[in-house]
Structure formats: structure tokens, C-alpha cells
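What the coordinates show
Residues per chain are reported as follows:
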Amino acid sequence: MMGRRSIEPGPALRRAAAALALCAGGMSVQASDGVSPTPYRPTVSNPAELPQPGWIEWELGLDRQHDGALRRHALPYAAKLAFDENWGVIVGGDLQVRESVEGRGKTSGGDTTLMLKHRLATGDPDRNFGVELGFKAPTAGAGLGSGRTDWTINSVLSQDFAGSWRLDANLGATRLGGSETGQGRTLTQWAASLSRVAGEWTLAGEISGQRQGGVRAGAQWLVAASYALSPHCMVDAGFRRGLQGWRGQHALFVGGTWLVGRLF
């Protein structure tokens, strides 16, 4: 809810609902044997691995966040394509964002990110490193983004252990295109998630946060579950709550990851 009003069912929301229904119904392009998606959602931290080379992989979610009187609704997305096992690109952002206070707010598309990703194989199949480098373009409407271009580098460690457990840890920095007086222009971001695969289910817990000079540090914890509807489609849902400078924030989210089709 936004105040006492819900988000308008605009074209972006209808497209998102249709896409999630398509995934749930198993009607997207069928994947060949042994080919499955590599979800980067619902956690903040990304895995070191890339999606299946040559396949377009799509992620889409519905996110409802409360922060005191502020209500924020977003439709986060990501389109991923790996050229091989070690190199790929990710385009992401929000199809639609609405922020409101007591029913009065603004709606537009969100900012857009473009990331180049490189996996660093270690020779150990249970351990991988990754590096992501990219930028955020200020495509959001006025008041829903910084209005400036930011540059980001992110390091990733993924470790499998005890058969069904996994640790994904990320540490990155963003050079902001601009900042308020007295605030630093470098934003440090970190995240660590622990997950376990149990049949078709994946359960995850995570803590993440960020720090910027002149701004109180923020952190949050998250719990989520994912379910494999088919070899080519996974759906997820979860909850997160803020800590430290983000105390008072909480959000519910749902989404999905699926293979759309093969390019090469």
C-alpha cells in the first residue's frame, strides 16, 4: 500500500504479472537437457558463476518497501547473457518505480545498470571468484534517482561446501556521479549470503549493507526461498528488514528467473 492507495496497474505492472505467469505456467522456451538458469536474485549478493553461455536469461520481481511514511513499489529486472563460461553482460534496473508519502507520489521507470562480468576459475569446482564492472545510467524520472552516472566495481567469492551449502560474498565500491555537501563520493557495499539446496527448494539468509562518508551506515538482513518449477524456471519470495541507518525499513518481494531462448 502507498498511504491507503495501491499502485496503479499500469502497462509495466501488467507486463510483469504476465511474464511471471508465463514462467509459472512453464510456457517459455524449453531448455535442453542439462541447461538451467543461474539466479542472481533474490539476494543482494551475486554468485561468481555466469548464466548458461549463449542463452538469454531473464529475471523479474515485484518489490514493496516501507520506510516510515514512505512507500516504494518497484519492478526490478535483469537480462543476462554469457559469451562463454568466463565472460558475460548484465543489464538491469526497474521497469517501474513508484514512491509515495500518504498517497501522494511519483511514478516512472528506474535507473539502468550495465555490467561486464568476469569469472575467475580457481581449478577447484567448489570455489570461484568473479569481478563485475559497470555503470548506472540516470534513466529514472525526476525525484526517483540521483540524476547522475555512477561507476561500480564489485568482487565476488562463491564457495560450495558440505554437499548442499553455499556462501556468496560480495564487496564493491561505487564512484558516485555527485553527492550532497559534506558527503563522500565513494560508496562501499558488502553482502554475504548463506544458502542451502534441498531438492527443488533453495533457502537463503543474508546480511548486507553500505557505507558512505558523511552518511550513517546502513545494513539489512534478508530471508528468502526459491523453488524450481521446471529445469528452466525458478520462482522466489522473501522478506528483508533494515538495521543501523536503515532501521525502520522492511520489504516483501517475489520474482522469478528463467531462460528465454538461445542466441548461439
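Residues numbered from 1 in each chain as written. Predicted model: local features only at pLDDT ≥ 70, side-chain atom pairs only at ≥ 80, totals over all residues. Heavy atoms only, no water.

Looking up the chain in an unreviewed UniProt entry gives the name Transporter, with the organism given as Pelomonas caseinilytica.

What the rule picks out here adds up to 14 salt bridges. A salt bridge links K80 to E57; the shortest N-O distance between them is 2.7 Å. Here K80, found in strand β2 (residues 70-82), pairs with E57, found in strand β1 (residues 55-67); they are 23 residues apart in sequence, far enough to count as distant. Residue classification places K80 among the buried residues on the basis of a relative accessible area of 1%. Its salt-bridge partner being E99, residue R72 comes within 3.2 Å of it at the nearest N-O pair. Taken together, the residues span a long stretch of sequence, with R72 in strand β2 and E99 in strand β3 (residues 87-101) at a distance of 27 residues. (Salt bridge = Lys/Arg side-chain N within 4 Å of Asp/Glu carboxyl O. Helix = DSSP H or I, 4+ residues; strand = E, 2+ residues; numbered from the N terminus. Buried < 20%, exposed > 50% of the residue type's maximum accessible area, 1.4 Å probe, protein only.)

Right, let's talk about the pairing of strand β8 (residues 165-175) for a bit. Looking down a regular strand, the side chains alternate between one sheet face and the other. Residues R166, D168, N170, G172 and T174 of β8 are buried on one face, while the alternating residues W165, L167, A169, L171, A173 and R175, pointing to the opposite face, are not. Between the end of strand β7 (residues 150-161) and the start of β8, which pair antiparallel, lie three residues, with A162 showing a positive phi angle near 55 degrees. With 11 bridges joining them, β8 and strand β9 (residues 186-198) adopt antiparallel strand pairing. Bridge assignment links L167 to a residue of β9, and that residue is L194. (Pairing = 2+ DSSP bridges.)

Attention now goes to the environment of R241. Within the fold, R241 resides in strand β12 (residues 233-244). With relative accessibility at 34%, the residue R241 sits in the partly exposed group. Sequence spacing of R241 and I207 is 34 residues, and the spatial spacing of their C-alpha atoms is 9.8 Å. Apart from residues no more than four positions distant in its own chain, R241 is found in contact with Q220, W221, Q249 and H250. (Contact = heavy atoms within 4.5 Å.)

In this structure, the second largest pocket encloses a volume near 890 Å³. Considering the residues around the second largest pocket, the lining is formed by 36 residues, among which P37, T38, P39, P47 and R166 are closest to the centre. Of all the secondary-structure elements, those providing two or more residues to the lining of the second largest pocket are β8, β9, β10 (201-212) and β11 (215-230). Sorting elements by how many residues they give to the lining of the second largest pocket places β11 first, with four residues. (1 Å grid on protein atoms, 1.4 Å probe; cavity = no way out; pocket = protein on both sides within 12 Å on 5 of 7 lines; lining within 4 Å. Points joined across faces, edges and corners; volume = space filled by probe spheres on them.)

Let's shift gears to the environment of G109. Mapped onto the elements of the fold, G109 is located in the loop between β4 (104-108) and β5 (112-121). Given a relative accessible area of 30%, G109 falls into the partly exposed group.

Relative to the assigned elements, D111 resides in the loop between β4 and β5. With near-sequence residues (within four places) excluded, D111 lies in contact with G92, G93, D94, K136, A137, P138, T139, A140, G145 and S146.

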